[in-house]
Amino acid sequence: MAIRPILKWGSPVLHTASLPVTNIDADTALLVRDMVDTMYAAPGIGLAAPQIGVSLRVIVVDLSTGTEKGKLLHLINPEFVEKEGEQKHEEGCLSIPGYAGSPTRPARVVVRGLDLEGRERVYTGTELLARAFCHEIDHIDGLLFVDRLSPLKRDLMKRKLKKRARADDWED
Ligand code: NI
């Protein structure tokens, strides 16, 4: 079990598109395990590899934060197959503790990726699961929820985040 530090807004790896995983091997399994441990410890409902400093396209999601069996899923090289409708709800992010925003997200998504055995996995998400998929896939594209807010709200929040990042002072 390895809980890794979660990088905060302003860390370059969070603002850079991650690379696809080209070889699913023992290192990938270790990465996923550490991501799950880190997500549960936080606790959070999702985590993307760049949040622990690894610039690879890997996400984990568990809407139950580990309290229910069978809810954990991981996806390697996830991509959207379908996006439909709109929803808007408040989101937070483990990389931006103490802040929240309400980006517009699709109401329903179909996401495809690989699991640790290299098998294709396809998931359909609505409501919170759709938002979680969008939030985590944004992470591997180098985007955080702040980047999805209206220009006014985005600029206001970014000014505050820059101060936090400079001082390395985040609410926990
Ligand atoms: Ni996040």
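Residues numbered from 1 in each chain as written. Predicted model: local features only at pLDDT ≥ 70, side-chain atom pairs only at ≥ 80, totals over all residues. Heavy atoms only, no water.

**Student:** Hey, could you run me through the overall build of the protein chain in this one?
**Tutor:** Secondary structure summary: the protein chain contains three helices and seven strands in total. Walking the protein chain from its N terminus toward its C terminus, one meets helices and strands in the order α-β-β-β-β-β-β-β-α-α. Whereas a compact globule of 172 residues would reach a radius of gyration of roughly 16 Å, the protein chain reaches 15 Å, a difference of no more than 12%. Principal axes of the C-alpha set define a box for the protein chain whose edges measure 45 × 35 × 30 Å. (Helix = DSSP H or I, 4+ residues; strand = E, 2+ residues; numbered from the N terminus. Rg over C-alpha atoms; globule rule 2.2 N^0.38 Å.)

**Student:** Quick question: what am I supposed to make of the packing of aromatic side chains here?
**Tutor:** Where two aromatic rings form a pair, the distance of their centres and the angle of their planes describe that pair. One pass over the full model with this rule turns up one aromatic pair. The ring of Phe80 has Lys83 lying over it, and the distance from NZ or CZ to the ring centre is 4.3 Å. (Phe/Tyr/Trp six-rings, centres within 6.5 Å; stacked < 30°, edge-to-face > 60°. Lys NZ or Arg CZ within 6 Å of the ring centre and 35° of its normal.)

**Student:** Can you walk me through the sheet that holds strand β6 (residues 108-114) in this structure?
**Tutor:** Pairing is antiparallel in the open sheet, where five strands are placed in the order β1-β2-β3-β6-β7. Two strands in the sheet have a free side with no partner beyond their single neighbour: β1 (46-48) and β7 (120-126). Strand-to-strand twist across the sheet, computed as the mean angle between neighbouring axes with direction ignored, equals 35°. By the bridge criterion, six bridges tie strand β3 (residues 73-84) to β6 in an arrangement that is antiparallel. Residue pairing for β6: Ile76 is matched across the bridge by Leu114. (Pairing = 2+ DSSP bridges. Axes fitted to C-alpha atoms, helices over the stretch in contact; angles between N-to-C directions.)

**Student:** Got a minute to help me understand the coordination of the nickel ion in this structure?
**Tutor:** Tetrahedral coordination by four donors puts the ideal angle at the metal at 109.5 degrees, and octahedral coordination by six puts it at 90 or 180 degrees. Listed as protein donors to the nickel ion are Cys93 (SG), His135 (NE2) and His139 (NE2); their distances from the metal cover 2.1 to 2.3 Å. As a motif over one chain, the donors of the nickel ion read C-x41-H-x3-H. Here His135 pairs with His139, and both are found in helix α2 (residues 127-140), just four residues apart, close to one helical turn. Here the two residues His135 and His139 agree in accessibility, since each one is buried. (Donors = N, O, S within 2.8 Å, 3.2 Å for Na, K, Ca; no water. Buried < 20%, exposed > 50% of the residue type's maximum accessible area, 1.4 Å probe, protein only.)

**Student:** Honestly, helix α3 (residues 151-167) in this entry has me stumped. Any pointers?
**Tutor:** Given 3.6 residues to a turn, an α-helix orients residues that are three or four positions apart in the same direction. Between its first and last C-alpha atoms α3 spans 24 Å; for 17 residues at 1.5 Å apiece the expected length is 24 Å, and the two agree. Taken together, the buried positions of α3 are occupied by Met157, Leu161 and Arg164. Down the axis of α3, the smallest arc covering the buried residues is 50°, so these residues share one side. Exposed side of α3, more than 90 degrees from the buried face: Leu152, Arg159, Lys163 and Arg166 are the residues found there. Looking one or two places after α3, you find Asp168, whose phi comes out positive at around 50°. (Expected span 1.5 Å × (residues − 1). Arc of directions from axis to C-beta.)

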